[in-house]
Amino acid sequence: MGEGAVRTAQSVGRLTGRRAVITGAARGIGAEIARTFHREGADLVLLDLADDEVAALAATLGAGSLCVDLADAAATAGAVEQAIVTLGGIDILVNNAGILNMAPLLELTVENWDLTFDINVRAMFVTTQIASRSMIAQRQGTIINMASMGGKIGSPNQAHYAASKAAVISLTRVSAMELGPHNITVNCICPGYVLTEMGAATRTPELVRTWSAKSPLGRLAETTDVANMALFLASDDASYCTGQAMNVSGGMVMH
Ligand SMILES: NC(=O)c1ccc[n+]([C@@H]2O[C@H](COP(=O)([O-])OP(=O)(O)OC[C@H]3O[C@@H](n4cnc5c(N)ncnc54)[C@H](O)[C@@H]3O)[C@@H](O)[C@H]2O)c1
């Protein structure tokens with residue numbers, strides 16, 4: 001925890017003393033996870049491409065921050081190594097960053113496909129490999145990957161995105177199998193439609209109504225809905241939970 005960090009009155013310290021690295025933390029779901037983990041006492045290093053934004057959030061949380069393009073595997077590896085040195089180790093890795101550049105299958109370019117997989121999946125593999133080496137040495141740790149309900153059910157114009165999120169679910173399962181013997185848990189979260197900048201460009205009132213109607217709860221997700229699941233998975237409450245793809249979709253997906 002950096003100098004000048006302020007705990008909020010609601011802090012209950014479920015992550016006190018835990019060292020966490022969060023990717024894609026400048027805004028949206030990642031920023032909400034950062035605020036939640038900070039409230040619960042974690043020491044944080046936030047990674048994002050949006051340099052000024054992530055530095056500004058980190059400053060309010062007394063956290064560290066690093067600007068990195070997760071499409072660059074070598075830079076990603078370097079950033080995670082640096083974050084682990086800054087924190088003096090790592091207990092929680094949240095692989096949250098992801099992109100969605102919608103395109104119909106017949107117009108989808110190889111460049112869009114590759115960039116989506118580089119950021120949504122390959123970066124996650126790189127950070128997991130590096131973080132888990134540290135976690136193995138201390139015989140404990142937890143990794144949380146951001147998948148999507150798209151990885152389970154797909155959606156038109158998202159062939160590349162849905163395939164990348166299905167890959168995240170598979171990577172999560174195999175990571176859980178291989179890292180479990182080292183007392184490391186690995187889970188992913190499958191959010192439904194979350195109200196963030198992702199998808200904002202196409203979010204008409206009609207679209208919000210249509211998607212809300214798909215949920216038995218009749219609404220879309222807030223970032224806090226997803227951050228609360230991340231908190232559960234990062235906490236001791238989830239110590240016997242690994243290899244899972246947890247839906248936070250308001251019941252849009254039930255498997
Ligand atoms: N919003 C949704 O409806 C929704 C639904 C299911 C899953 N998700 C997943 O949740 C995660 C977060 O999504 P969000 O809605 O908060 O998105 P967002 O676009 O609001 O935020 C994404 C963050 O990732 C960062 N980022 C993007 N590309 C990067 C790169 N190359 N290197 C470093 N950082 C990069 C962005 O700067 C941003 O801070 C993603 O993995 C997304 O796929 C979102």
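Residues numbered from 1 in each chain as written. Predicted model: local features only at pLDDT ≥ 70, side-chain atom pairs only at ≥ 80, totals over all residues. Heavy atoms only, no water.

**Quick word on the site of the ligand**
Now for step 1: Taken together, 28 residues lie near the ligand, and Asp48, Asn96, Tyr161, Val194 and Thr196 sit nearest.
Now for step 2: At 2.8 Å, a backbone N or O of Val194 approaches an oxygen atom of the ligand.
Now for step 3: Protein chains shield 93% of the accessible area of the ligand, which is 830 Å² for the free molecule.
Now for step 4: Taken atom by atom, the bulk of the ligand overlaps the largest pocket.
Now for step 5: Elements with a contribution of two residues or more to the shell around the ligand: helix H1 (28-39) and helix H6 (159-179). (Near = heavy atom within 4 Å. Polar contact = N/O pair within 3.5 Å; in protein donor to acceptor, adjacent residues only side chain to side chain. Areas by Shrake-Rupley, 256 points an atom, 1.4 Å probe, with all protein chains shown as cover. 1 Å grid on protein atoms, 1.4 Å probe; cavity = no way out; pocket = protein on both sides within 12 Å on 5 of 7 lines; lining within 4 Å. Sits in = over half its atoms within 2 Å of the grid points. Helix = DSSP H or I, 4+ residues; strand = E, 2+ residues; numbered from the N terminus.)

**Quick notes on the packing of helix H4 (residues 110-138) against H6**
Now for step 1: Between H4 and H6, the least distance of the axes is 9 Å, while the angle of their chain directions is 15 degrees. Judged by the inter-axis angle, H4 sits roughly parallel to H6. Seen from above, H4 lies across H6 with right-handed handedness. Residue-level contacts link Asn112, Trp113, Thr116, Phe117, Asn120, Val121, Met124, Phe125, Thr128, Ser132 and Ile136 of H4 to Ala159, His160, Tyr161, Ala163, Ser164, Lys165, Ala167, Val168, Leu171, Ser175 and Leu179 of H6.
Now for step 2: Taken together, the residues that form the contact of H4 with H6 break down as 13 nonpolar, 8 polar and 1 charged. (Axes fitted to C-alpha atoms, helices over the stretch in contact; angles between N-to-C directions. Parallel < 35°, antiparallel > 145°, perpendicular 65-115°, else oblique. Left-handed = near helix turned anticlockwise from the far one by under 90°. Contact = heavy atoms within 4.5 Å. Nonpolar A, V, L, I, M, F, W, Y, C, P; charged D, E, K, R; others polar.)

**Here we look at the side chain of Gln158**
Now for step 1: Considering the arrangement of structural elements, one finds Gln158 in the loop between helix H5 (150-153) and H6.
Now for step 2: Those residues in contact with Gln158 that lie beyond four places of it in its chain are Leu100, Met102, Ala103 and Ala163.

**Things to note about helix H3 (residues 73-87)**
The periodicity of an α-helix, 3.6 residues per turn, causes residues three or four places apart in sequence to face the same way.
Now for step 1: With 15 residues, H3 extends 21 Å between its outermost C-alpha atoms, agreeing within 8% with the 21 Å of an ideal straight helix rising 1.5 Å per residue.
Now for step 2: Taken together, the buried positions of H3 are Thr76, Ala77, Ala79, Val80, Ala83, Ile84 and Leu87. Relative to the axis of H3, the buried residues are bounded by an arc of 165 degrees and lie together on one face. Projecting away from the buried face of H3 at angles above 90 degrees are the exposed residues Ala74, Val85 and Thr86.
Now for step 3: Against the buried residues of H3 lie strand E1 (19-23), strand E2 (43-48), strand E3 (64-67) and H4. (Expected span 1.5 Å × (residues − 1). Buried < 20%, exposed > 50% of the residue type's maximum accessible area, 1.4 Å probe, protein only. Arc of directions from axis to C-beta.)

**Some words on the environment of Ile136**
Now for step 1: With respect to the helices and strands, the residue Ile136 is situated in helix H4.
Now for step 2: Remark: the alpha-carbon pair of Ile136 and Ala97, spanning 39 residues in sequence, is separated by 24 Å.
Now for step 3: Not counting chain neighbours up to four residues away, the residues in contact with Ile136 comprise Leu179, His182 and Ile184.

Read these as layout, nothing more, since geometry by itself doesn't imply function.
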